[in-house]
Amino acid sequence: MTPFERALGIVTEYEAAGETSAARMLLFTRIEDLCEVAEAGRRLVDRLAAAWDILAGNSAEAAMTKIFLPLRVIEHTESFAIEDAAGTSIAYVYYDDGDAVRRAVRKRLTKAQARQVAERIRALGDKNGPA
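Undergrad: Can you explain the pattern of salt bridges? Please cite residues and give values.
TA: Under the counting rule described, the total for this entry stands at 9 salt bridges. Residue Arg43 pairs with Glu39 through a salt bridge whose shortest N-O separation is 3.7 Å. Taken together, the residues span about one helical turn, with Arg43 and Glu39 both in helix H2 (residues 22–55) at a distance of 4 residues. For Glu39, a relative accessible area of 33% gives the class partly exposed. A salt bridge links Arg106 to Asp96; its shortest N-O distance comes to 3.0 Å. Taken as a pair, Arg106 in helix H3 (residues 100–106) and Asp96 in the loop between strand E3 (89–94) and H3 lie far apart in primary sequence, 10 residues in all. Judged by relative accessible area, which is 32%, Arg106 ranks as partly exposed.

Undergrad: Could you give an account of the side chain of Ser79, with specific residues and numbers?
TA: Positionally, Ser79 belongs in strand E2 (residues 79–83). When neighbours within four sequence positions are excluded, Ser79 is seen to be in contact with Ile74, Tyr92, Val93, Tyr94 and Tyr95.

Undergrad: Break down the sheet that holds E2 for me, with residues and values.
TA: The strand order across the open sheet formed by 3 strands is E1-E2-E3, and the pairing between neighbours is antiparallel. A single partner strand is all that each edge strand has here, and the edge strands are strand E1 (72–75) and E3. Averaged over all pairs of adjacent strands, the angle between their axes in this sheet comes to 25 degrees, without regard to strand direction. Bridge count for E2 against E3 is 5 bridges, and the pairing is antiparallel. When the bridges of E3 are listed, Ile82 appears paired with Ala91.

Undergrad: Let's hear about the layout of surface pockets: which residues, and what values?
TA: Roughly 1000 Å³ of volume is contained in the largest pocket. Glu36, Val37, Ala38, Ala40 and Leu109 are, among the 36 residues lining the largest pocket, the residues nearest its centre. Taken together, the elements giving at least two residues each to the lining of the largest pocket come down to H2, E3, H3 and helix H4 (111–128). No other element matches the 16 residues that H2 contributes to the lining of the largest pocket. Its residues assigned to classes, the lining of the largest pocket comprises 21 nonpolar, 5 polar and 10 charged.

What counts as what
Residues numbered from 1 in each chain as written. Predicted model: local features only at pLDDT ≥ 70, side-chain atom pairs only at ≥ 80, totals over all residues. Heavy atoms only, no water. Salt bridge = Lys/Arg side-chain N within 4 Å of Asp/Glu carboxyl O. Helix = DSSP H or I, 4+ residues; strand = E, 2+ residues; numbered from the N terminus. Buried < 20%, exposed > 50% of the residue type's maximum accessible area, 1.4 Å probe, protein only. Contact = heavy atoms within 4.5 Å. Pairing = 2+ DSSP bridges. Axes fitted to C-alpha atoms, helices over the stretch in contact; angles between N-to-C directions. 1 Å grid on protein atoms, 1.4 Å probe; cavity = no way out; pocket = protein on both sides within 12 Å on 5 of 7 lines; lining within 4 Å. Points joined across faces, edges and corners; volume = space filled by probe spheres on them. Nonpolar A, V, L, I, M, F, W, Y, C, P; charged D, E, K, R; others polar.

Given below as structure tokens:
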């Protein structure tokens, strides 16, 4: 059972008991957003792991794809870019510092959360990159 399915079960129990407050629904929406962010993070980690396999020469694409360490985080207007030493963008993490409703609708992180995710991606290069 996924975290979202567990959250859905909890909200369903409250609704069955007659409690349908707006606050509970906002909490449910926030849990759904966090689950989506976690899933996107998992997919990104899978993609980064595949990129390291390519760098290690475990693929025919290794000659065409290179990531030059160290990685760095560059702040843009609504995102953080993770770039390699050659200036190639590896990933973008988007944020929205507007009000919470707008951020939820756009399914964006806060700036602090986005910076933390970008720094964790950058740290993967320090930890797992070729020597």
